[in-house]
Amino acid sequence: MKEFDSKELAKYNGENGSPAYIAHKGKVYDVTGSKLWAAGTHMRRHRAGTNLTTDIQAAPHGPEILERYSQVGTLKEETAETAVALPKILAILLESNPFFRRHPHPMTVHFPIVFMLSTPFFNVLYLITGIKSFELTALHCLAGGILFTLVAMSTGVLTWWYNYLGKMLRPVAVKIPLTIVMLITGIVAFVWRINDPGVLDPLQGTGIVYLLLILSLAPLTAVIGWYGASMTFPIEKQ
Ligand code: HEM
Ligand code: HEM
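Summarised in this report is the structure supplied together with it. Predicted, not measured: the structure shown is a model, and the values here were computed from it.

Reading guide: rules and limits
- Residues numbered from 1 in each chain as written.
- Chains lettered and ligands numbered in written order.
- Predicted model: local features only at pLDDT ≥ 70, side-chain atom pairs only at ≥ 80, totals over all residues.
- Helix = DSSP H or I, 4+ residues; strand = E, 2+ residues; numbered from the N terminus.
- Buried ≥ 20, exposed ≤ 12 C-beta atoms within 10 Å, placed from the backbone.
- Contact = placed C-beta atoms within 7 Å.
- Expected span 1.5 Å × (residues − 1).
- Near = placed C-beta within 6 Å.
- Pairing = 2+ DSSP bridges.
- Axes fitted to C-alpha atoms, helices over the stretch in contact; angles between N-to-C directions.
- Parallel < 35°, antiparallel > 145°, perpendicular 65-115°, else oblique.
- Left-handed = near helix turned anticlockwise from the far one by under 90°.
- Nonpolar A, V, L, I, M, F, W, Y, C, P; charged D, E, K, R; others polar.

Let us look at the overall build of the protein. For the protein, the count of helices and strands is 7 helices and 6 strands. When its helices and strands are written in sequence order, the protein yields β-α-β-β-β-β-β-α-α-α-α-α-α. By its C-alpha atoms, the protein is 75 × 40 × 30 Å across when sized along the principal axes. Residues counted as buried form 21% of the 238 residues belonging to the protein. Excluding contacts between residues fewer than 6 apart, the proportion of contacts in the protein whose partners are at least 24 apart in sequence is 72%.

Glancing now at the environment of G207. Inspection of the secondary structure puts G207 in helix 7 (residues 206-232). Judged by the 15 C-beta atoms lying within 10 Å of it, G207 falls in the partly exposed class. In sequence terms G207 and R193 are 14 residues apart; their C-alpha atoms lie 10.0 Å from each other. For G207, the residues in contact, after removing those within four places along its chain, are V199 and L200.

End to end, helix 4 (residues 104-129) covers 38 Å across 26 residues, agreeing with the expected 38 Å (1.5 Å per residue, within 8%). Positive phi shows up at G130, right after helix 4, with a value of about 80 degrees.

Taken together, 27 residues lie near ligand 2, and P106, V109, G156, G228 and T232 sit nearest. Looking at the shell around ligand 2, the elements with two or more residues in it are helix 4, helix 5 (132-163), helix 6 (170-195) and helix 7.

This brings us to the sheet that holds strand 2 (residues 21-24). Spatial strand order, 1-6-3-2: 4 strands in an open sheet with mixed pairing. Of all strands in the sheet, those with a lone pairing partner are strand 1 (2-4) and strand 2, marking the two edges. In this sheet, adjacent strand axes meet at a mean angle of 35 degrees when their direction is disregarded. Summarising the sheet, strand 3 (residues 27-30) and strand 6 (residues 71-75) pair through 3 bridges and their orientation is antiparallel. The residue of strand 6 that forms the bridge with Y29 is Q71.

In this model, helix 5 (32 residues) spans 45 Å end to end at C-alpha, consistent with the 46 Å of a helix rising 1.5 Å per residue. Every buried residue belonging to helix 5 is among E135, A138, C141, L142, G145, I146, T149, A152, G156, T159 and W160, and all of these are buried.

As paired elements, strand 2 and strand 3 share 4 bridges and run antiparallel to each other. Counted as the bridge partner of I22 is Y29 from strand 3. With antiparallel pairing between neighbouring strands as the criterion, strand 2 and strand 3 make up a hairpin whose turn holds 2 residues, including K25 at a positive phi of roughly 45 degrees.

Okay, the packing of helix 4 against helix 5 next. Interhelical geometry of helix 4 versus helix 5 gives an angle of 160 degrees and a closest axis separation of 7 Å. It follows that helix 4 is roughly antiparallel to helix 5 by the angle criterion. You can see that helix 4 and helix 5 cross each other, and the crossing is left-handed.

Quick look at the packing of helix 6 against helix 7 now. Running from N to C, helix 6 and helix 7 cross one another at 155 degrees; their axes reach a closest spacing of 9 Å. When the interaxial angle is binned, helix 6 and helix 7 end up roughly antiparallel. Of the two possible hands of crossing, helix 6 and helix 7 adopt the one that is left-handed. Of the residues belonging to the contact of helix 6 with helix 7, the class tally is 17 nonpolar, 7 polar and 1 charged.

Pasting the structure below:
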């Protein structure tokens with residue numbers, strides 16, 4: 001029976017008429033005949049030509065479904081190049097709680113997104129209405145935004161390290177510097193506002209610079225989130 005390594009397996013991705021092979025626990029199956037793997041894609045998410053041992057744990061069916069298709073080979077043990085060597089304690093944690101493999105980043109990103117978008121929102125509301133408590137709410141949101149950006153950065157680096165082998169993919173190359181810019185912008189604006197509570201009153205001179213800093217948080221958040229989602233939900237090419 002043929003032995004595949006991950007590079008060889010990747011050729012059987014079901015695209016452009018090539019066969020669709022998938023690997024599970026060291027066995028390689030040929031699912032070319034399945035309508036549910038047409039063009040090498042299953043449920044708009046899983047790709048043929050890859051090792052899906054971990055992914056099937058999140059499926060509504062068990063691995064016994066693979067027995068519908070014949071085994072065409074075996075997959076070589078992963079080498080250091082295709083899998084990161086995790087510290088033992090982390091490896092045990094991920095083994096017993098697969099939840100920690102993919103979920104921490106998507107779970108924690110909602111917090112910086114909502115706080116970093118609320119900051120410009122409440123400041124603009126203050127400028128429109130003149131109600132001072134909106135401006136204070138914006139300051140509190142900014143504090144939350146800074147704190148949770150740090151949390152999202154930690155989970156982001158972690159998921160990038162063990163799910164993407166720390167490879168410098170384009171979305172990550174955009175996300176990391178923009179996240180640092182967002183964090184610094186947030187901290188500068190926060191310190192500024194603490195030292196000058198009336199920075200927006202009246203809105204002129206340096207107050208406009210402060211407002212621009214605050215407004216820039218919205219596009220920064222959107223771009224960082226967009227590039228992240230482009231990894232979890234890639235846009236399909238027709
Ligand atoms: C979110 C993840 C997944 C969802 C929602 C999903 C859903 C489904 C559904 C609804 C079916 C049809 C069940 C049936 O015919 O009884 C199916 C079949 C199948 N799935 Fe999945 N699946 C997922 C992940 C996976 C993964 C990761 C693998 C591979 C390791 C896989 C391999 C298969 C195979 C081989 C079939 C049989 C196809 C056929 O009979 O032609 N699935 N899946
Ligand atoms: C050093 C910083 C960061 C790194 C290295 C990073 C890395 C990543 C990676 C690798 C993914 C794909 C996750 C997966 O496939 O499971 C992702 C997704 C994502 N990231 Fe980040 N990220 C960082 C910071 C942030 C921040 C600060 C935000 C929010 C403002 C954010 C928002 C998102 C979103 C919305 C997703 C998509 C989640 C989903 O689809 O459920 N990321 N990020």
